[in-house]
Structure formats: structure tokens, C-alpha cells
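A structural walkthrough
Listed here are the chains, written in short residue letters.
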Amino acid sequence: MSEKEPDQAPGPPEDSAPRCPEHDLELKWFCSSERRLVCASCKGLGGPCREHHVRRAEERAEELRTLASGAREIVIQRLGLVKNVCESEEQRLLEQVHTEEERAHQSILTQRSHWTEALQKLSTIRTNLVSMLTDLDDRSLVQSEREIFERTEEAEGILDPQESEKLNFNQKCVRSPLLTQLWASAVLCCLSGTEDIQVDERTISPFLRLSEDRKTLTFNPKKSKAYADGPERFDHWPNALASTSFQGGLHAWIVNVENSCAYKVGVSSSQLPRKGSGSDTRLGHNAFSWVFSRYDQEFRFLHCGQYQPLALLRCPDRIGVLLDLAAGELLFYEPTSGALLCSYHAQFEGPIFPVFAVADQKISIVQ
């Protein structure tokens, strides 16, 4: 009785090379005109590629390998350059931090020495004054009034602070436009998305109209009576606050501004004044708002009534806002190119609200 042979899996066909569906010949040629592999008959007389530029597939494969190798070299070179620049900037900033740390430490030692000497002087003056008040009779004490006054005045002068601001660590030593640009690019690449921002209807000015989705603000030159007045509402300037506020963390949102030539985009604290036509209620003209502003062809960053002119090569269609409350940094950027438009450092005390103003056409929050 013979044993049954086990089933064997079918092996690959003898010729597994791709073949032409029209001529059933191996595809050994590459047609540059149609960007595809063809057979000998396709490129021969009567073939569809007879008048095209055709070469061997091996030549095309070698060309692709050369192009891929060149692309890899470019990537390696550029990443190497970025790495070298980052390492150089890191070294420069760390040296500045070390220098500032040493300066602050030396200032503390100097101040300590100053106060030690000052305490000794105060102790001497105190001893002299106590002795005069104790040992002198009334007549001598009256005659010593001038001396007592001078010693008291000297004691007051000793207590004056000596360059106390130099005892603080200067955070500006770690600021770097290059580092800020790289950090912003990295953050924007890592963020899963922008915040879902909506405008708080209770805050919008009567010169603005809000869309149903609460994301578009349209300027209305005539004051509307449709909105009831309330403590949250801006009653004059065309401002509005978002319904979302932030106490900490990292946040980003984008505003479409392509239809407006007069707008402001930024952040504000809850202490922002709402009532009246004075400058203190205008965005960027008080201590409670930080905004990117456009008026016609002028672009500025505004805060506390001070402005920083911004030289932009073109008018951005969208403005991105990046707020890092932990680092105390506010950035405005162009989402399309990732170009940094402006940055500002401050200790923002929450809650912090996205804020908007428009005095021409409309602006919209992009989701």
C-alpha cells in the first residue's frame, strides 16, 4: 500500500515578469512620453509608441536610482545644516544664560556685602544716638539737634536700595528669533488641530453682525439696536470676545481676513474695558489687550498704546495666533507659509480670551 504524497503548494510561474496586455511580450522598455513601461512591439513599427522617446527599462531604473540618491543627499545636507545652526544657536544661548547667571550671582554677592556694611554703619549710628539721648542733658541735647538730624539722614540714605533691578535674572538673554521660528514650526506640526473658537454674542459691538455659527463678524457702519446692552458688551468700538478662555497651556487658532482691510486679531484679559468711546476701550490701546492690526496697507502689533510696525511683503489672507501661556509667548503667523509675522513675550494672567475687531467687510474664524 503506497503512502499518499502530501499536497505541494503551486510554485511561481517560470516567467513572472510583467507582460504587455496587448502583445503578451515582456515590458523591457520605458516610454518617456507616456511615462509607462512598454514592450518591443509597442515601440516598433505600427506600435502606439513608435514615434515616442523610448529607452530600456534598465536605463530608466538607473535614472530613478540616481534621482533618489540625489534627493537623499539634499535631505541629509539640509538636515545637517539645520542641525549645525541649531547647535550653534544652542551654544550661543547657553553661554548667554551662563553669563547672565554669573552677573546676577555677582550682583547678589555685591549687595550682600553692601548690606553687611550698611548694618554695621546703622549699628554705629544707633549706638551714637542712644548715647547722645541718654548721656546729654537737655541743654546739650538741644545744641546737638543738627548732629542728630545729620545722623538720622545718614541712616535713611543707607536704607536706599542699591541697583536692586540687577539682582533679577534677565529673561531676554534666552530670546532668539531663530529659536522662536523653529519652535513655532515644530509646535504647528505637532498640534492635532486649532481650537474650536466661537464669538460670544453677549460681547459684540452694535456695529458688528454675527453669523449663525458664531464664527463670522461683519462690520455694519450703522449702529444696530438688535442687541440688548449688558455689562459684557462693547458699546462703541467694533470689538468682540470669544466665548472660550484659557488659563494655561498651548493654544492656536486661525482667522480668515482676506476680505477686510481694517481688522485686529489677538488676545485680551477679562479686565478689558467695554464701555465708552475713549482710547482705553480700543484693542491694543490698553494694558489688557495684545493684537495684530491692519489698517489699509499698514500692519502693526499693538499693546498699551504702543505699536510696532510690521513690514510684510504681502497682505496675508489668514492670520494664525499661537498662545503659549506657560512660556508667556504670543505669536502671529501666516498659516500657508508658516512665516512668523510677530512675537511678543509677557506674563499673561488668565483668563485670556481670543479677541477680534473689524471695521471693513468681514473676518471669520477658521475651523
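In this numbering scheme, every chain counts its residues from 1 along its sequence in written order. Per-residue local features of the predicted model are confined to residues with pLDDT of at least 70, and side-chain atom pairs are confined, for both listing and counting, to 80 or more; whole-chain, interface and lining totals are unaffected and use all residues. Excluded from the side-chain calculations are hydrogens and water; all other atoms, namely the structure's heavy atoms, are used.

- For the chain, the name recorded in an unreviewed UniProt entry is B-box and SPRY domain containing, with Monodelphis domestica as its organism.

1. Considering the sheet that holds strand β2 (residues 36-38)
- Strands are treated as partners if at least two bridges between them are detected by DSSP. For the purposes of this entry, the term helix denotes a DSSP run of H or I that reaches at least four residues, the term strand denotes a run of E that reaches at least two, and both are numbered from the N terminus. Reading across the sheet, the three strands line up as β2-β1-β3 and stay open at both edges, with antiparallel pairing between neighbours. Two strands lie at the open edges of the sheet, namely β2 and β3 (54-56), each paired on one side alone. Taken over all neighbouring pairs, the strand axes of this sheet differ in orientation by 40° on average, direction set aside.
- Contacts from helix α2 (residues 57-135) reach β1 (29-31), β2 and β3 within the one sheet, and its direction differs from that of β3 by about 85°. Orientation is described by axes fitted as lines to C-alpha atoms, over the contacting stretch for helices, and by angles from 0 to 180 degrees between their N-to-C directions. When checking whether two residues touch, look at their non-hydrogen atoms; a contact exists if any pair is within 4.5 Å.

2. Details of a nonpolar patch on the surface
- Exposure above 30% relative accessible area and the lack of any salt bridge qualify a residue for a patch; like charges then connect within 9 Å, and the nonpolar side chains Val, Leu, Ile, Met, Phe, Trp and Tyr within 5 Å. Residue burial considers only the protein chains on display, and all accessible areas are found by Shrake-Rupley using a 1.4 Å probe. Each salt bridge in this description consists of a side-chain nitrogen of Lys or Arg and a carboxyl oxygen of Asp or Glu lying within 4 Å of one another. A cluster of nonpolar side chains, contributed by Leu81, Val85, Leu178 and Leu182, occupies part of the molecular surface with about 300 Å² of accessible area.
- Residue assignment for the nonpolar patch shows that the elements contributing at least two residues are α2 and α5 (177-190).
- Its place among the elements puts Leu182 in helix α5.
- The class for Leu182 is partly exposed, based on a relative accessible area of 35%. Exposure categories follow from relative accessible area, calculated using a 1.4 Å probe and restricted to protein chains: below 20% of the type maximum is buried, above 50% is exposed, and the middle band is partly exposed.

3. Some words on the pattern of salt bridges
- Counted according to the given criterion, the structure contains 15 salt bridges.
- A salt bridge links Glu62 to Arg65, with the nearest nitrogen and oxygen atoms 3.2 Å apart. Of this pair, Glu62 and Arg65 both sit in helix α2, three residues apart, roughly one helical turn.
- We classify Glu62 as partly exposed; its relative accessible area is 43%.
- In this structure, the salt-bridge partner of Arg314 is Glu334, at a minimum N-O distance of 2.5 Å. In this pair, Arg314 sits in the loop between β11 (306-310) and β12 (318-324) while Glu334 sits in the loop between β13 (329-333) and β14 (340-345), placing the two residues 20 residues apart along the sequence.
- Classification of Arg314 by relative accessible area gives partly exposed; the value is 47%.
- With a relative accessible area of 9%, Glu334 lands in the buried category.

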